[in-house]
Amino acid sequence: MIREVEGDILLSDAQVIAHGIATHDPFDSGLALALRERFPSMVRDYRHAMHAKEPKTGEVWAWSGVNEDGSARGIVNLLTQGMQGQGKAARPVKAKLEDVNHALRELVRLVREHGIKSVALPRLATGVGGLNWADVKPLIVQHLSDLGIPVIVYEVYRKGQKADEKLG
């Protein structure tokens, strides 16, 4: 079941938040920045993992931590973009639908493998990723609508506003 909502994805009650990033993302804008500010250990763990294994677009990297209230929080980083340049000057390039497609397939595999009960995601790869939502949304529907769990798509961001997710 896919449900479209307006609100702040950081306030989601979904078991997992999935979002798009670049392979060596600096986590310095949008949702990635907000997640870095809330979960700095996630970014440290991601960078450590990326040194151990070179990331490829279309893959996913999952992390779990604890919210401010002590509840568990899962984050799935969908590698929807590559990088251009090297070192601190490197910047994410535009996402490719093919990579989004592969990353969503990997998300489905992860959800099934780990028995994840609900997922929230933003308008994937449409910010820094530069893709058109009209092209990305059908991929989300194609891959996630038959999971049999609530999939909450945050179509409109409203800072500090809890969305009506209707998870239960």
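Given the structure is predicted, the values throughout are model-derived calculations rather than measurements.

A. Inspection of the sheet that holds strand E8 (residues 151-157) at higher detail. The six strands are arranged E1-E8-E7-E2-E4-E3 in an open sheet whose pairing can be described as mixed. A strand with exactly one partner marks an edge of an open sheet, and here the two such strands are strand E1 (2-7) and strand E3 (60-66). For this sheet, the mean angle separating the axes of adjacent strands, direction not counted, is 30°. Bridge count between strand E2 (residues 16-22) and strand E4 (residues 72-81): seven bridges; the pairing is parallel. Within the sheet, the bridge partner assigned to alanine 22 lies in E4 and is glutamine 81. Helix H1 (residues 30-38) rests against E2, E4 and strand E7 (119-122) of the sheet, and its axis sits at about 120° to E2.

B. Summary view of the packing of helix H3 (residues 97-114) against helix H4 (residues 133-144). Packing of H3 against H4 leaves a shortest axis separation of 10 Å and a crossing angle of 25°. Between H3 and H4, the crossing angle belongs to the class labelled roughly parallel. Every pair of crossing elements has a handedness; the one defined by H3 and H4 is right-handed. Here Leu97, Val100, Asn101, Leu104, Arg105, Leu107 and Val108 of H3 lie close against H4, whose contacting residues are Asp135, Val136, Leu139, Ile140, His143 and Leu144.

C. Representation of the nonpolar core within the structure. In terms of nonpolar packing, the biggest core is built from 28 residues, with Leu78, Leu104, Leu121, Leu124, Ile140 and Leu144 touching the most fellow members. Listed by contribution, the elements that provide at least two residues to this core are E2, E4, H3, E7, H4 and E8. By residue number, the principal contributor to this core is H3, which donates seven residues. Beyond its immediate sequence surroundings of up to four residues, leucine 124 is in contact with His19, Gly20, Leu78, Thr80, Val100, Leu104, Trp133, Val136 and Ile140. With 24 residues, the next largest nonpolar core counts Leu10, Ile17, Val43 and Ala163 among its residues.

D. Up close: H1. Inspection of H1 places Leu31, Ala32, Ala34 and Leu35 among the buried residues, and these make up the whole buried set. In a view along the axis of H1, the buried residues occupy a sector of 165°, so they form one face of it. Of the exposed residues in H1, the ones pointing more than 90 degrees away from its buried face are Gly30 and Glu37. On its buried side, H1 packs onto E2, helix H2 (40-52), E4 and E7.

E. Just the pattern of salt bridges, in detail. Across all of its chains, the model carries ten salt bridges by this definition. The closest approach of N and O atoms between aspartate 164 and lysine 166, which form a salt bridge, is 3.6 Å. According to the relative accessible area criterion, aspartate 164 is partly exposed, its value standing at 45%. We classify lysine 166 as exposed; its relative accessible area is 54%.

Quick notes on the rules
Residues numbered from 1 in each chain as written. Predicted model: local features only at pLDDT ≥ 70, side-chain atom pairs only at ≥ 80, totals over all residues. Heavy atoms only, no water. Pairing = 2+ DSSP bridges. Helix = DSSP H or I, 4+ residues; strand = E, 2+ residues; numbered from the N terminus. Axes fitted to C-alpha atoms, helices over the stretch in contact; angles between N-to-C directions. Contact = heavy atoms within 4.5 Å. Parallel < 35°, antiparallel > 145°, perpendicular 65-115°, else oblique. Left-handed = near helix turned anticlockwise from the far one by under 90°. Core = buried A, V, L, I, M, F, W, Y, C linked by side-chain atoms within 4.5 Å. Buried < 20%, exposed > 50% of the residue type's maximum accessible area, 1.4 Å probe, protein only. Arc of directions from axis to C-beta. Salt bridge = Lys/Arg side-chain N within 4 Å of Asp/Glu carboxyl O.

Purely geometric stuff here, so don't read any function into it on its own.
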